[in-house]
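Take a look at the letters that make up each chain.
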Amino acid sequence: MSMTAGDTTTIKVPKTLRDRIATRAQREHSTLAAVIDDALNAADERTFWKAVQRENASLPVGQREADIQSSSSVESLVDADDDLLSAQGRW
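Keep in mind the model is a prediction, meaning the values are calculated, not measured. Per chain, residues are indexed from 1 in the order of the written sequence. At least 70 in pLDDT is required for a residue's local features to be given in this predicted model, at least 80 for side-chain atom pairs to be given and counted, and no such filter applies to totals for whole chains, interfaces and linings, which use all residues. Hydrogens and water are ignored here; the side-chain numbers use all heavy atoms of the structure.

## A few points about the overall build of the protein
Now for step 1: Numbered from the N terminus, helices here are DSSP runs of H or I no shorter than four residues, and strands are runs of E no shorter than two. Secondary structure summary: the protein contains 4 helices and 0 strands in total.
Now for step 2: Reading the protein from its N terminus to its C terminus gives the helix and strand order α-α-α-α.
Now for step 3: Remark: exposure states derive from per-residue accessible area (1.4 Å probe, protein chains only) relative to the maximum for the residue type, with buried under 20%, exposed over 50%, and partly exposed in between. The proportion of buried residues among the 91 residues of the protein is 3%.

## Brief notes about the packing of aromatic side chains
Now for step 1: Planes of paired rings set the category: under 30 degrees apart is stacked, over 60 is edge-to-face and the rest tilted, where pairs are Phe, Tyr or Trp rings (Trp by its six-membered ring) whose centres lie within 6.5 Å. Counted under the stated rule, the structure contains 1 aromatic pair.
Now for step 2: When the ring of F48 is compared with that of W49, the centres are 4.8 Å apart and the planes differ by 80°; the resulting orientation is edge-to-face.
Now for step 3: By relative accessible area, F48 is classed as partly exposed at 46%.
Now for step 4: We classify W49 as partly exposed; its relative accessible area is 46%.

## Some points on the confidence of the model for the protein
Now for step 1: pLDDT runs from 0 to 100 and stands for how confident the predictor is about each residue. Scored by pLDDT, the protein comes out at a mean of 85, with 85% of its residues at no less than 70.
Now for step 2: Within the protein, the lowest mean pLDDT, 76, falls on helix α4 (residues 80-87), and the highest, 98, falls on helix α1 (residues 15-27).

## Structural notes on the packing of α1 against helix α2 (residues 32-58)
A pair of packed helices is captured by two measures, namely the crossing angle of their axes and the spacing between those axes.
Now for step 1: Here the axes come from fitting lines to C-alpha atoms, over the contacting stretch only for helices, and the angles between their N-to-C directions go from 0 to 180 degrees. Relative orientation of the contacting elements α1 and α2 amounts to 100°, with a least axis distance of 8 Å. Taken together, α1 and α2 sit at an angle that is classed as roughly perpendicular. Residues I21, A22, R24 and A25 of α1 lie in contact with α2, whose contacting residues are L32, V35 and I36.
Now for step 2: Grouping the constituent residues of the contact of α1 with α2 by class yields 6 nonpolar, no polar and 1 charged. For classification, angles of less than 35 degrees are called roughly parallel, those exceeding 145 degrees roughly antiparallel, those between 65 and 115 degrees roughly perpendicular, and all remaining angles oblique. In what follows, a contact means two residues having at least one pair of non-hydrogen atoms within 4.5 Å. Side-chain classes follow a simple rule in which Ala, Val, Leu, Ile, Met, Phe, Trp, Tyr, Cys and Pro form the nonpolar group, Asp, Glu, Lys and Arg form the charged group, and the remainder, Gly included, forms the polar group.

## Focus on α1
Now for step 1: In this model, α1 (13 residues) spans 18 Å end to end at C-alpha, consistent with the 18 Å of a helix rising 1.5 Å per residue.
Now for step 2: Two residues or fewer after α1 comes H29, characterised by a positive phi angle close to 50°. Given the number of residues in a helix, its expected span is that number minus one, multiplied by 1.5 Å.

## Some points on the pattern of salt bridges
Now for step 1: In the sections that follow, a salt bridge refers to a side-chain nitrogen of Lys or Arg positioned within 4 Å of a carboxyl oxygen of Asp or Glu. Counted under the stated rule, the structure contains 2 salt bridges.
Now for step 2: Residue D19 is joined to R18 by a salt bridge in which the shortest nitrogen-to-oxygen separation is 2.8 Å.

## Observations regarding unusual backbone geometry
Backbone phi values are negative for most residues with the exception of glycine, while trans is the configuration of most peptide bonds.
Now for step 1: At H29, a residue that is not glycine, the phi angle is positive and equals roughly 50°.
Now for step 2: Examined against the element boundaries, H29 turns out to sit in the loop between α1 and α2.

Below you can see the structure in the form of structure tokens.
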């Protein structure tokens, strides 16, 4: 996705933070905006999984065990179509 001048803004950050972002962007052959976006996405994901952990921890032990044993909560890893694609090298 390309940005136009109207799609951007300027933010003020300490030079040390700007330098950290620039160093990472250079190392990853990326842009400063992409580094910031990746960092925010990672923070959002951590927040999501912490909420999942809190929710699971709040369930009674019996409920957690029942959920683990439930076939609806466990994906079957046996899949003939996947095996066929692997055998044919079509992944």
